[in-house]
Amino acid sequence: MSALSNITAAAADYFPMLVRRPPPRFISESGKRVYGIVAEFSETTKVYHAAEMVRDAGYKKWDVHSPFPVHGMEHAMGVKPTKLPLLAVGAAVGGLSFAAFLQWITSAYLYPMVVQGKPYGAWEPFMPIMFELSVLFTAFACLFGMLALNGLPRFHHPLFGHERFYRISNDRFMIAIEAEDPNFDPDQIRALFEKAGGTDITIIEDED
Amino acid sequence: MSQIAANHPAPVETALPDQVWERRLTKIAADPRMTEDNIHARGVLGKFGLPLLFVGIAGLLLTVIGGFSMNVRHALAAYEVGAFTALSMSLGCLFFLLVFHSLNAGWVITCRRVFEHGAALLPFCWLALVPIVVIEVVNGGVLLEWVGGHGDDYLLKKKAPYLNTGFFIVRFLIYGAVWSFLGWRFISLSRRMDETGDRTLGRKARYTAGWGILLFALTTAFAAFDFLMSLDFRFFSTMWGVYFFASSALSGVSVVVLTLAALRLRGKLTGLVTEEHFHDLGKLVFAFTVFWAYIAFSQYFLIWYSNIPEETAWFVYRKSHGWHWLFVTLCVAHFLIPFLIVGWRAVKRNPVLLGTMALFLIVMTVLDMVWVIRPMVYVQTQPVLEAGLQEPGLSGIWLDAAGALGVLGIWGWLMIRRVESGPLLPTKDPMLHESMAHKNYV
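Residues numbered from 1 in each chain as written. Chains lettered and ligands numbered in written order. Predicted model: local features only at pLDDT ≥ 70, side-chain atom pairs only at ≥ 80, totals over all residues. Heavy atoms only, no water.

### Observations regarding the packing of helix H5 (residues 72–103) of chain B against helix H9 (residues 165–196) of chain B
Residue and element names in this part refer to chain B. Condition: Working convention: axes come from line fits to C-alpha atoms, limited for helices to the stretch in contact. Angles between N-to-C directions cover 0 to 180 degrees. Going along the chain from the N terminus, every DSSP run of H or I of four or more residues is numbered as a helix, and every run of E of two or more is numbered as a strand. By definition in this entry, angles of less than 35 degrees are roughly parallel, angles greater than 145 are roughly antiparallel, angles of 65 to 115 are roughly perpendicular, and the rest are oblique. Note on convention: near helix rotated counterclockwise from far helix by under a right angle means a left-handed crossing. Clockwise means right-handed. Should any heavy atoms of two residues lie within 4.5 Å, those residues are counted as being in contact. Lys, Arg, Asp and Glu make up the charged group, whereas Ala, Val, Leu, Ile, Met, Phe, Trp, Tyr, Cys and Pro make up the nonpolar group; the residues left over, Gly among them, are polar.
Viewed as axis vectors pointing N to C, H5 and H9 meet at an angle of 55°, and their least axial separation amounts to 11 Å. The orientation of H5 relative to H9 falls into the category oblique. The hand of the H5/H9 crossing is left-handed. From H5, Leu87, Leu91, Leu94, Leu97, Leu98 and His101 reach across to H9, where they touch Trp179, Leu182, Gly183 and Phe186. Counted by class, the contact of H5 with H9 contains 8 nonpolar, 2 polar and no charged residues.

Now the structure itself:
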């Protein structure tokens with residue numbers, strides 16, 4: 001859902017001369033682009049149930065930040081299974097057929113040559129290359145597909161400008177709802193976070 | 001030095017304090033899933049047991065009849081297909097037990113009793129090989145041409161220090177001793193733990209697994225050399241032991257999955273062997289499907305490339321004498337179909353689908369044994385030419401089916417009897433709570 005916008009955002013980071021960022025949806029009092037709203041939580045159970053509440057309120061572009069992996073958080077957040085396996089299968093089939101084609105066309109069609117008395121285009125010697133190439137293509141598809149879907153790597157993230165954000169590597173949990181979300185409404189979100197037990201609810205500004 | 005000794009308790013000591021252990025036992029005893037009805041299967045699988053026994057006895061009788069009416073080579077090969085499939089299933093169960101014990105695996109405890117029952121059938125599997133050895137030795141070599149040492153073949157003379165009847169019998173007795181001991185050891189330790197609650201027995205099992213895994217590897221490989229590779233004494237492949245082991249591990253975990261799926265369908269082990277356990281067992285099924293294909297292809301590939309006559313003869317005979325269909329079948333059905341189906345997460349987590357695939361893979365193991373053993377019956381060697389034997393084709397298939405089903409039927413009947421004989425899981429294992437709460441976080 002957010003894959004394309006992630007890619008666009010990353011492209012705008014790397015090539016600002018080529019890809020222009022979309023205009024801001026919300027502007028803060030100091031005239032800067034609004035990234036979103038964050039709330040802090042002090043316990044795993046609190047942030048877990050808060051995530052369930054944010055999920056049920058229908059928000060799409062938001063994230064939970066935690067110092068350690070919380071089992072079952074993907075269910076609490078309602079994260080859909082990734083599309084990466086489809087990409088991996090496609091790359092595997094592609095690598096397999098590319099290797100088969102490349103070897104067949106060179107050793108059986110374009111330059112047929114007798115090697116060790118084996119028949120032209122025998123499938124046996126093709127197999128290791130077909131295996132290796134499908135593994136290689138799959139590995140590339142997984143790594144770069146994962147980075148593309150995540151929108152990584154990035155030079156900067158607006159949350160880094162928030163002083164208290166650094167505590168999520170120590171003893172705090174945070175939920176951030178982005179201004180890009182179609183349902184973004186600062187007052188409603190503030191009320192939701194307060195109901196869920198969040199503290200230090202802050203609007204995060206983005207450098208423009 | 002003393003510090004090291006203090007940190008590594010001897011096999012009879014325990015790392016678990018008594019109070020913790022008592023608390024765990026109370027908690028497990030109070031668990032609603034541990035009811036008498038849920039963890040015992042008396043008479044539940046009986047519906048399958050007696051038909052299997054009947055199929056087994058009828059198959060063995062038909063095999064004996066076929067041995068007299070057709071020829072003894074064919075009957076013996078058909079019997080060997082069944083006997084080696086049964087042996088590979090039991091050895092596979094033993095292999096996983098050795099690995100689980102040496103790695104102190106916690107997730108598998110609720111499924112482990114079925115592995116133990118499979119491995120406990122090793123004495124039967126060994127006894128099933130005794131008729132083969134007796135027939136070979138008494139007749140001076142039926143399928144194993146080198147038994148009795150006749151002929152003045154140069155290669156046979158070179159290989160005589162290993163391939164001779166006396167040493168063969170000694171090796172066969174060693175296999176029997178090792179397999180029977182290891183198979184009996186794990187089930188008896190586990191059952192004794194059920195009765196006495198002595199948690200130090202787990203350490204004894206781990207201790208046994210340490211040296212047992214070495215003996216397992218050697219006996220499996222050499223049994224495969226002795227019975228299967230030496231069907232053609234000119235042929236040799238250093239991959240052969242691994243090839244048989246790959247079949248063993250695959251069919252071993254498959255038969256366990258099949259048993260557990262049947263038990264789950266009959267309403268047993270609910271909440272104890274969950275989709276999480278099936279998921280992990282399914283990963284093992286998938287892994288060893290790929291492993292088998294990898295080993296089988298590597299063996300074929302190197303022989304194809306190096307083109308040494310003693311080696312290629314094995315494949316040339318099969319691929320050009322009417323067995324090519326089996327080659328293609330194994331490529332597609334032993335690897336490609338399970339690879340594509342079991343790779344699926346939803347299949348691994350579904351007991352019915354995974355059980356079906358396990359049954360399918362056991363059938364494929366039988367076909368793999370057919371591929372190894374059966375073409376050697378009518379290979380045009382001197383004794384076959386002298387006796388004027390001809391490949392009967394489809395008209396002899398009843399004998400192949402009878403031989404394979406004969407041994408497998410009795411193996412299945414014994415397995416069901418064992419499974420029904422006691423608790424379906426180790427009830428007082430120190431890691432049982434870990435397995436009962438097992439979950440895959442992916």
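### A short note on the environment of Tyr300 of chain B
Note the cut-off: Any N or O atom pair separated by 3.5 Å or less is treated as a polar contact, with the protein-specific requirement of one donor-capable and one acceptor-capable atom, and with residues adjacent in sequence counted only for side-chain atom pairs.
Positionally, Tyr300 of chain B belongs in helix H12 (residues 275–306). Along the chain, Tyr300 of chain B and Phe335 of chain B lie 35 residues apart, while their C-alpha atoms are 15 Å from each other. If near-sequence neighbours (up to four positions away) are discounted, Tyr300 of chain B is found in contact with Trp123 and Glu124 of chain A together with Phe315, Lys319 and Phe327 of chain B. A polar side-chain atom of Tyr300 of chain B sits 2.9 Å from a polar atom in the side chain of Lys319 of chain B.

### Topic: the environment of Gly31 of chain A
Residue and element names in this part refer to chain A. Our working rule: Exposed residues in this analysis have more than 50% of their type's maximum accessible area, buried residues have under 20%, and partly exposed residues fall in between, with area computed by a 1.4 Å probe over protein chains only.
One can find Gly31 in the loop between helix H1 (3–14) and strand S1 (33–41). Since its relative accessible area comes to 51%, Gly31 is described here as exposed. Spatially, the C-alpha atoms of Gly31 and Ala191 are 24 Å apart, while their sequence positions differ by 160 residues.

### A short note on the packing of H12 of chain B against helix H16 (residues 351–373) of chain B
All names here are of chain B. Following both chains from N to C, one finds H12 and H16 inclined at 25°, their axes separated by 11 Å at the closest point. By the criterion of interaxial angle, the relationship of H12 to H16 is roughly parallel. Considering the relative orientation of H12 and H16, their crossing is left-handed. Side by side, H12 and H16 meet where Phe278, Gly282, Val285, Thr289 and Trp292 of the first sit next to Pro351, Leu354, Leu361 and Asp368 of the second.

### Quick word on the interface of chain B and chain A
Put simply, the rule is: Using a 1.4 Å probe, buried area is obtained as the accessible area two parts lose upon being combined, added over both of them. Here, a salt bridge means any side-chain nitrogen of Lys or Arg that lies within 4 Å of a carboxyl oxygen of Asp or Glu.
Listed as interface residues are 9 residues of chain B and, on the opposing side, 10 residues of chain A. Between chain B and chain A, the buried area comes to about 890 Å², and carbon and sulfur atoms account for 72% of it. Three residues stand out in chain B for area buried against chain A, namely Phe297, Trp304 and Tyr441 of chain B, and they jointly supply 56% of the buried area on that side. Linking chain B with chain A are 0 salt bridges. Linking chain B with chain A are 4 residue pairs in polar contact (both at pLDDT 80 or more), by the criterion used here. It is H12 of chain B that contributes the most residues to the side of chain B that touches chain A, 5 residues altogether. Among the residues forming the side of chain B that touches chain A, the class breakdown is 7 nonpolar, 1 polar and 1 charged.

### Side note on the packing of aromatic side chains
Residue and element names in this part refer to chain B. For clarity, the threshold we go by: We call Phe, Tyr and Trp rings a pair once their centres come within 6.5 Å, taking the six-membered ring for Trp, and we label the pair stacked below 30 degrees between planes, edge-to-face above 60, and tilted otherwise.
Using the criterion set out here, one finds 53 aromatic pairs over all chains in the structure. Here Phe84 and Phe227 contribute two aromatic rings whose centre-to-centre distance is 5.5 Å and whose plane-to-plane angle is 55°, an arrangement assigned as tilted. Residue Phe84 is located in helix H5, and its partner Phe227 is located in helix H10 (residues 201–227); the two are separated by 143 residues in the primary sequence. The exposure classification of Phe84 matches that of Phe227, with both residues buried.

### Structural notes on the pattern of salt bridges
Scanning the entire structure with this criterion turns up 22 salt bridges over all chains. When the shortest N-O distance is used, the salt bridge between Glu40 of chain A and Arg164 of chain A registers 2.5 Å. One end of the pair, Glu40 of chain A, is in strand S1; the other, Arg164 of chain A, is in the loop between helix H5 (126–150) and strand S3 (173–178), and 124 residues separate them in sequence. With a relative accessible area of 1%, Glu40 of chain A lands in the buried category. Residue Arg164 of chain A is classed as partly exposed on the basis of its relative accessible area of 30%. As a salt-bridge pair, Arg113 of chain B and Asp194 of chain B come within 3.1 Å of each other at their nearest N and O atoms.

### Notes on the sheet that holds S1 of chain A
All names here are of chain A. Cut-off, in case you're wondering: Strand pairing is defined by DSSP finding a minimum of two bridges between the two strands.
In space, the 4 strands of this open sheet follow the order S2-S3-S1-S4, with antiparallel pairing throughout. Unpaired on one side and paired on the other, strand S2 (62–65) and strand S4 (199–206) mark the two borders of the sheet. Going from strand to strand, the sheet's axes swing by 20° on average, the running direction of each strand aside. Pairing of S1 with S3 involves 6 bridges; the strand directions are antiparallel. In the sheet register, Gly36 faces S3, and the bridge partner there is Glu178. Sheet strands in contact with helix H6 (residues 186–196) are S1, S3 and S4, and its direction is about 10° off that of S1.

### As for the confidence of the model for chain B
Condition: pLDDT runs from 0 to 100 and stands for how confident the predictor is about each residue.
Of all residues in chain B, 96% attain a pLDDT of 70 or more, and the chain-wide mean is 90. Scored as a complex, the prediction yields pTM 0.88 and ipTM 0.79.

### With respect to the side chain of Ser190 of chain B
Residues and elements named next belong to chain B. Tracing the sequence through the fold places Ser190 in helix H9. The class of Ser190 is buried, set by a relative accessible area of 4%. Within the structure, the side chain of Ser190 is placed 3.0 Å from the side chain of Glu116, a separation counted as a polar contact. Not counting the four nearest positions on each side in its chain, Ser190 is found in contact with Arg112, Arg113, Glu116 and Pro426.

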